[in-house]
Amino acid sequence: MIASKSNHKISNMDYKKLAELLFPEIDKTPEHYEKVYPERNLPDGAKVTRLGPSPTGFIHLGNLYGAFAGERLAHLSSGIFYLRIEDTDHKREVEGAIPSLIEALDYFGIRFDEGAGADGDKGDYGPYKQSERAEIYQCYAKSLVEQGAAYPCFCTEEELDEIRQEQEKVKANPGYYGKWAKHRDLSFDEIKEKKEAGMEYVIRLRSSGNPEKYFTITDGIRGELSMPENEMDVVILKKTGIPTYHFAHVVDDHLMRTTHVVRGEEWLSSLPIHFELFNVLGFKLPVYCHTTVLMKMDGETKRKLSKRKDPELSLDYYKRQGYIPEAVSEYILTILNSNFEEWRFANPEADICEFEFSTEKMSNSGTLFDLDKLNDVSKETLSRMSAACIYDYLADWAELTDEKKYKVISDKKEMLLKVLDIDRTGAKPRKDLAYCCQIFEFIKYFFDEYFVIEDELPEQVGTDVAKEILQEYMMSYQHSDNQEEWFGKIREMGSRMGYAAKPKDYKKNPEEYKGHVGHVSTVIRIALTGRSNSPDIWEIQQILGQNKVFERIEKYSDALK
RNA sequence: GUCUCCUUGGUCAAGUGGUCAAGACGGCACCCUCUCACGGUGCAAUCAGGGGUUCGACUCCCCUAGGAGAUACCA
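Residues numbered from 1 in each chain as written. Chains lettered and ligands numbered in written order. Predicted model: local features only at pLDDT ≥ 70, side-chain atom pairs only at ≥ 80, totals over all residues. Heavy atoms only, no water.

Details of the pairing of strand E7 (residues 223-228)
Here is step 1 of the chain: With six bridges joining them, strand E6 (residues 214-219) and E7 adopt antiparallel strand pairing. Its bridge partner being in E7, Asp219 is matched across the sheet by Gly223.
Here is step 2 of the chain: The antiparallel pairing of E6 with E7 creates a hairpin that spans three residues between the two strands. (Pairing = 2+ DSSP bridges. Helix = DSSP H or I, 4+ residues; strand = E, 2+ residues; numbered from the N terminus.)

A word on the pattern of salt bridges
Here is step 1 of the chain: For the coordinates displayed, the defined rule picks out 35 salt bridges.
Here is step 2 of the chain: The partner of Arg133 in a salt bridge is Asp252, and the shortest N-O contact between them spans 2.7 Å. On the criterion of sequence distance, the pair formed by Arg133 in the loop between strand E3 (114-115) and helix H5 (134-147) and Asp252 in helix H8 (residues 245-255) is long-range, its members being 119 residues apart.
Here is step 3 of the chain: Look at Asp252 and you get buried, because its relative accessible area is 0%. (Salt bridge = Lys/Arg side-chain N within 4 Å of Asp/Glu carboxyl O. Buried < 20%, exposed > 50% of the residue type's maximum accessible area, 1.4 Å probe, protein only.)

Section: the side chain of Asp481
Here is step 1 of the chain: For Asp481, the location among the structural elements is in the loop between helix H18 (463-476) and helix H19 (483-496).
Here is step 2 of the chain: Apart from residues no more than four positions distant in its own chain, Asp481 is found in contact with Trp486, Lys489, Trp538 and Gln542. (Contact = heavy atoms within 4.5 Å.)

Considerations on the packing of aromatic side chains
Here is step 1 of the chain: Within this structure, the stated rule accounts for 27 aromatic pairs.
Here is step 2 of the chain: Ring centres of Tyr317 and Tyr318 lie 5.2 Å apart, and the angle between their planes is 90°; this geometry places the pair in the edge-to-face category.
Here is step 3 of the chain: For Tyr317, a relative accessible area of 30% gives the class partly exposed.
Here is step 4 of the chain: What makes Tyr318 buried here is its relative accessible area of 1%. (Phe/Tyr/Trp six-rings, centres within 6.5 Å; stacked < 30°, edge-to-face > 60°.)

Let's talk about the sheet that holds strand E4 (residues 150-153)
Here is step 1 of the chain: The three strands are arranged E4-E5-E8 in an open sheet whose pairing can be described as antiparallel. One side of each edge strand has no neighbouring strand; the edge strands of this open sheet are E4 and strand E8 (235-237). With strand direction ignored, the average angle separating the axes of adjacent strands in the sheet is 45°.
Here is step 2 of the chain: Bridge analysis of strand E5 (residues 202-205) against E8 gives two bridges, and the strand direction is antiparallel. When the sheet's bridge partners are listed, Arg204 is paired in E8 with Val235. (Axes fitted to C-alpha atoms, helices over the stretch in contact; angles between N-to-C directions.)

A few points about the sheet that holds strand E1 (residues 48-51)
Here is step 1 of the chain: Strands sit in the order E1-E2-E3 across an open sheet of three strands; the sheet is parallel. A single partner strand is all that each edge strand has here, and the edge strands are E1 and E3.
Here is step 2 of the chain: In this structure, E1 lies alongside strand E2 (residues 80-83), joined through four bridges in parallel fashion. Note on E2: the bridge partner recorded for Leu51 is Leu83.

Considerations on the protein's contact with RNA strand B
Here is step 1 of the chain: In the neighbourhood of RNA strand B, 61 residues make up the surrounding shell, with Arg164, Lys238, Lys373, Lys504 and Asn533 lying closest.
Here is step 2 of the chain: Take the atoms of RNA strand B that sit within 4 Å of the protein: sugar and phosphate atoms are 72% of them.
Here is step 3 of the chain: Lys238 places a polar side-chain atom, nitrogen or oxygen, 2.6 Å from a phosphate oxygen of RNA strand B.
Here is step 4 of the chain: Taking Ser534, its main chain carries an N or O atom lying 2.6 Å from a base nitrogen of RNA strand B.
Here is step 5 of the chain: The leading source of residues in the surface near RNA strand B is H19, at four residues.
Here is step 6 of the chain: Residues of the surface near RNA strand B, tallied by class, amount to 17 nonpolar, 17 polar and 27 charged. (Near = heavy atom within 4 Å. Polar contact = N/O pair within 3.5 Å; in protein donor to acceptor, adjacent residues only side chain to side chain. Nonpolar A, V, L, I, M, F, W, Y, C, P; charged D, E, K, R; others polar.)

Digging into helix H9 (residues 271-281)
Here is step 1 of the chain: Extensive coverage of H9 is indicated by the burial of nine of its 11 residues.
Here is step 2 of the chain: Among all positions in H9, only Leu271, Pro272, Ile273, His274, Glu276, Leu277, Phe278, Val280 and Leu281 are buried.
Here is step 3 of the chain: Within two residues after H9, Gly282 carries a phi angle of roughly 75°, on the positive side.

Some thoughts on unusual backbone geometry
Here is step 1 of the chain: Positive phi, normally seen in glycine, also occurs at Lys171, with a value near 60°.
Here is step 2 of the chain: The phi torsion at Asp423 lies on the positive side, around 60°, for a residue other than glycine.
Here is step 3 of the chain: Topologically, Asp423 is positioned in the loop between helix H16 (413-419) and helix H17 (436-443).
Here is step 4 of the chain: Overall, the relative accessible area of 34% leaves Asp423 in the partly exposed class.

Some remarks on the environment of Ile85
Here is step 1 of the chain: Topologically, Ile85 is positioned in the loop between E2 and helix H4 (97-107).
Here is step 2 of the chain: A relative accessible area of 1% means that Ile85 is categorised as buried.
Here is step 3 of the chain: The spatial distance from the C-alpha of Ile85 to the C-alpha of Ala141 is 20 Å, given a sequence separation of 56 residues.
Here is step 4 of the chain: Non-local contacts of Ile85, meaning those with residues more than four positions away in its chain, are made with Pro53, Pro55, Ile98, Ala116, Tyr128, Lys129 and Gln130.

A few points about the pairing of E4
Here is step 1 of the chain: Burial along E4 is two-sided: the residues Ala150 and Pro152 and Tyr151 and Cys153 are all buried.
Here is step 2 of the chain: In the sheet, E4 pairs with E5 via four bridges, with the strands oriented antiparallel. Bridge pairing in E5 links Pro152 to Ile203.

What follows is the structure, encoded as structure tokens:
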């Protein structure tokens, strides 16, 4: 069908012979696989998407970003989201990458309908590991050879190097194509001879593209794209018989009936290759959705996130920091779809799944990862979450990271449930809980094991006065006082000692007072929490209990010299 | 080098020929307030540069610059 214009030394008749010579053991035909993997029977508009990670390391935020897009697209349309492991490069494979990947994604709520799993494949379109699909790729490669659209290439690395050097010398584009493709027009006998001599070879596409000609394609995210046709005789099967990414992508996404290919923008420039491959194989083109890469600030410039350089952005890091998965999802969605924040504002209680995610609303310039924003989104998210729910995450996190913390957290569950709820009910809930690590720091003074005096007395209060305040406070303390009664006493005590009952009065006439109630209450606050800033003291006292209140006040008072 | 994509405040961004160029994060100031947080009000801050097209350009075209990616028997 593409039978080329180049002057092959092989007649059309011989392509079949060549295919047999190259793939004697392949007895299946593309028609066979078409039957085995029929069109999916899904409702109209259902999208089939996939995540195709290579098990070469540990997954980071950038991967989650792409995974999220695919997952949303599929599940919002009653489609299928599956996991395909792209392990065609054994050299780079990292032990244990797959289970850890599945686990990490699961933690962030990304579940697959089918595909590779920790306990084997699920679904009718498998196997879902490319390393187990060799026969299939070879079958399609064979059919390409039969058509004259692919051929064996026996070039060694050295020969390829020579070609490259020659190209550099004459300033030609590097690559294996056109007249540079040494083995493009080998005769059947030459091929047979080399093969029988035991020479290793790869299978290359016999490209019929013309880079002078452009084709257009509509990207789901970027809209209309115009690109030159591919002219490279790219390798489709390596000498091991394993396909390259390009070939595996085309065969798999066709056979697995993927409708939308969501992948990083680093693939954009290979689109011409994929376009030609789809055409030459007679497959229907999926909708491509090229996402932007997640960037990070590196000194003065933006840079793509990298697994090697940015371990602090690995998903595992977030888990260890104790970021709540729902919060991370919220964050990802806010950078994924520009109208998400608006939607969330209008629907504060809605489940994230109700948001109508769309590829058109995806940004197409590099997004910088912003920790401040993540934290803000996280606080917002946690403010809508129940204390019990946060407690569970906190306990899980501690169990994972720190035995001692886990012990105090599980021992004091009842207390913590109250602590986590301080000031969080009502119209204006506190928003100071962001992630477990930070939460623990924030509330640790409730545990004697972690309680320390961190802050100094305010300058308006001398040591003697502080002692006096604490003594008087203990004398008048009634645990059963309500918030108003309790604070009234502090005001009164402060006034008696020369502190303004209202901070405003003090600000107006600072010379008339030693300070204001705020300074008085700070002394008590430090005694009880170790810090000059904390949520409402009355609430803290109610949770701590009368005995603990006295104990801490006394201890602090004694410590003041 | 060649090819492709991208370019609105410090960051994320809305915007598709006529807007005083939204909003969010962060920053600052003030208000509320016993501290912190929350909440409220306000301020500073953006169309990379240059040419066109047009009555009119952030928006369309071209050039330049910058950034990212590809140019592998890696994905």
